[in-house]
Amino acid sequence: MNPTDYRSALTGALPHPFLFATISGAHLYGFPSPDSDVDLRACHVLPVNEFIGLRETIVTVNRMWLLDGIEVDLVSHDLVKFVTLLLRQNGNYLEQLFSPLVVLDTVWAEELRALTQAGGIARHVYQAYAGYARTQWQEWRKEALCGMGRLKPLLYAYRVSLTGIHLLRTGQVNASLVELAPEYGYPHLLDIVAAKTTEKAVISLAIDEHDRALAGLQEKLQAAYDNSPLPDEPTNYAALDDFVVRVRWGFAA
């Protein structure tokens, strides 16, 4: 996949300028199926007059279309909403901002990444990652016990766990399971990734084995939280607030 191939698809998608657009979802995580949707995630900048009049401001835009037979799903938030979600330690938006699959970028997006890295990530991001990993694990386990466990929730449980551990330990966002699994001692997961990406119908999965592994990852997430070098709360709220104001006026000029 060449992310820039989707740049032209953004033309006319919104009447407002983009701060950035990246690809998220299964392509970012490293296990897309041949017919997986392309999840475009973006941040745009509404004009100042959208906020000072009487009209209700729509800050999130959804668009969907087909491109060469593949469904493209665009979700874009206005700058204020996007930064607010970042400060709430929502892993989805951290991963979108730091996705290496860049469709469209600006110097403003580079500054936002630098500001986020310099004090916008806090250790209670643990809650989002540990909670979602548990949810995906239990979803897969419930299905697997009935003999029809899908690979997607299992891979999500591992991916979210390892992304959370890596973030809490290093302060770096990496959402790729194919990169993290070998680094953290789970190279066998690449066989499951291969089965998922080729839509292999049958693969033997030992429920007890994955239960032990995912339980162990929950413990490692807790330990990473307990020992994380990240601050308890974001430390540069004022700098991010200043950034939002400068960007809004910058695009208004």
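Structural data are supplied above this passage.
This structure is a prediction, so every number in the text was calculated from the model and none was measured.

Our focus in this paragraph is the environment of leucine 67. Here leucine 67 is to be found in strand β3 (residues 60-67). The exposure class of leucine 67 is partly exposed, given its relative accessible area of 27%. Separated by 29 residues in the primary sequence, leucine 67 and valine 38 place their C-alpha atoms 9.5 Å from one another.

Next up on the list: the packing of helix α6 (residues 125-145) against helix α10 (residues 207-226). A pair of packed helices is captured by two measures, namely the crossing angle of their axes and the spacing between those axes. Direction vectors running N to C along α6 and α10 enclose 170°, while the axes themselves pass 11 Å from each other. Judged on the interaxial angle alone, α10 and α6 are roughly antiparallel. Residues Tyr126, Ala130, Ala133, Arg134, Trp137, Trp140, Arg141, Ala144 and Leu145 of α6 lie in contact with α10, whose contacting residues are Ile207, His210, Asp211, Leu214, Ala215, Gln218, Leu221, Gln222 and Tyr225. By residue class, the composition of the contact of α6 with α10 is 12 nonpolar, 3 polar and 3 charged.

Attention now goes to the pairing of strand β4 (residues 70-78). Summarising burial for β4: 7 of the 9 residues are buried, a large majority. As defined by bridge partners, strand β2 (residues 38-44) adjoins β4 across 7 bridges and the pair is classed as parallel. For arginine 41, the partnering residue across the bridge sits in β4 and is valine 75. Of the strand pairs in this sheet, β3 and β4 are connected by 8 bridges, and their pairing is antiparallel. Each bridged residue has a counterpart across the sheet, and for leucine 66 the counterpart in β4 is glutamate 71. The antiparallel hairpin formed by β3 and β4 contains 2 residues in its connecting segment, where aspartate 68 sits at a positive phi of about 55°.

Reading the values: rules and limits
- Residues numbered from 1 in each chain as written.
- Predicted model: local features only at pLDDT ≥ 70, side-chain atom pairs only at ≥ 80, totals over all residues.
- Heavy atoms only, no water.
- Helix = DSSP H or I, 4+ residues; strand = E, 2+ residues; numbered from the N terminus.
- Buried < 20%, exposed > 50% of the residue type's maximum accessible area, 1.4 Å probe, protein only.
- Axes fitted to C-alpha atoms, helices over the stretch in contact; angles between N-to-C directions.
- Parallel < 35°, antiparallel > 145°, perpendicular 65-115°, else oblique.
- Contact = heavy atoms within 4.5 Å.
- Nonpolar A, V, L, I, M, F, W, Y, C, P; charged D, E, K, R; others polar.
- Pairing = 2+ DSSP bridges.

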